[in-house]
Amino acid sequence: MLFALICKDQPGSLQVRVDTRPAHVAFLEGLNADRTLAFAGPFLDADGKPNGTLAVVEAPDLAGAQALSAADPYAKAGLFESVEIRQWNWTFNKPAAS
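Residues numbered from 1 in each chain as written. Predicted model: local features only at pLDDT ≥ 70, side-chain atom pairs only at ≥ 80, totals over all residues. Heavy atoms only, no water.

Concerning the overall build of the protein chain
Inclusion rule: The helix and strand labels rest on DSSP assignments: H or I over at least four residues marks a helix, E over at least two residues marks a strand, and numbering proceeds from the N terminus. Radius of gyration here uses only the C-alpha atoms, and the compact-globule reference equals 2.2 Å multiplied by the residue count raised to the power 0.38. Three labels apply to residues, based on accessible area from a 1.4 Å probe with only protein chains included: buried if under 20% of the type maximum, exposed if over 50%, partly exposed otherwise in between. The method behind every accessible area is Shrake-Rupley, applied with a 1.4 Å probe, and residues are considered shielded solely by the protein chains displayed. Residues scored as positive are Lys and Arg, those scored as negative are Asp and Glu, and His as well as the terminal groups of each chain are ignored. Here the site of a charge means NZ on Lys, CZ on Arg, CG on Asp, or CD on Glu.
Helices and strands together make up the secondary structure of the protein chain, namely three helices and four strands. Against the compact-globule benchmark of 13 Å for 98 residues, the protein chain has a radius of gyration of 13 Å, which places it among compact chains. When the backbone C-alpha atoms are referred to their principal axes, the protein chain occupies close to 40 × 25 × 20 Å. When each of the 98 residues of the protein chain is scored for burial, the buried share is 31%. A total of about 6200 Å² of accessible surface is found on the protein chain, and carbon and sulfur atoms cover 55% of it. Once the 8 positive and 11 negative side-chain charges of the protein chain are each reduced to a mean point, those two points are 3 Å apart.

What to know about the layout of surface pockets
Applied cut-off: Only protein atoms enter the 1 Å grid, on which a cavity is a set of points fitting a 1.4 Å probe that cannot get out and a pocket is an open set with protein on both sides within 12 Å along at least 5 of 7 lines, lining residues being those with an atom within 4 Å of a point. Grid points are joined across faces, edges and corners, and a volume is the space filled by probe spheres set on the points.
Taken as a whole, the second largest pocket encloses approximately 210 Å³ of empty space. As for the second largest pocket, its lining consists of 13 residues, of which Arg-17, Arg-21, His-24, Pro-42 and Tyr-74 are closest to the centre. Sorting the residues of the lining of the second largest pocket by element identifies α1 (14-33), β2 (37-44) and β3 (50-58) as the ones contributing at least two each. When residues in the lining of the second largest pocket are grouped by element, the largest group, seven residues, is from α1.

A few points about the sheet that holds strand β1 (residues 2-9)
Applied cut-off: Two strands form a pair only when DSSP identifies at least two bridges running between them. Throughout, an axis means a line fitted to C-alpha atoms (over the contacting stretch in the case of helices), and angles, computed between N-to-C directions, take values from 0 to 180 degrees. The contact definition used throughout considers only heavy atoms, calling two residues in contact when any of these lie within 4.5 Å.
Strand order in this open sheet of four strands is β2-β3-β1-β4, and the pairing throughout is antiparallel. Edge strands, defined here as strands with exactly one partner in the open sheet, are β2 and β4 (80-88). Neighbour to neighbour, the strand axes of the sheet diverge by 15 degrees on average, direction disregarded. Strand direction decides the pairing type here: β2 and β3, joined by seven bridges, are antiparallel. Note on β3: the bridge partner recorded for Gly-41 is Leu-54. Sheet contacts for α1: β1, β2, β3 and β4; angle to β3, the most-contacted strand, approximately 15 degrees. Helix α2 (residues 62-71) rests against β1, β3 and β4 of the sheet, and its axis sits at about 145 degrees to β4.

What follows is the structure in structure tokens.
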């Protein structure tokens, strides 16, 4: 099942994001290598600065998606003010399975 992780950063936490980004990218690269990550990227504020994250992951169930979310270095660093996890159905423009 696919799950959307919709994460909102804590106010004033850009430096935490910058400092933690290398570990976060390595984490996502690992998920990608395991074919667990569908896609991911930051939300941007009006000035084009990151202020949240959208990631879509493959997990067997909600508990698995919650575990993936909690393992993200951004989550461990306390970057997120909130994380919403929702089951998601990729309907349009889904890449062909390789």
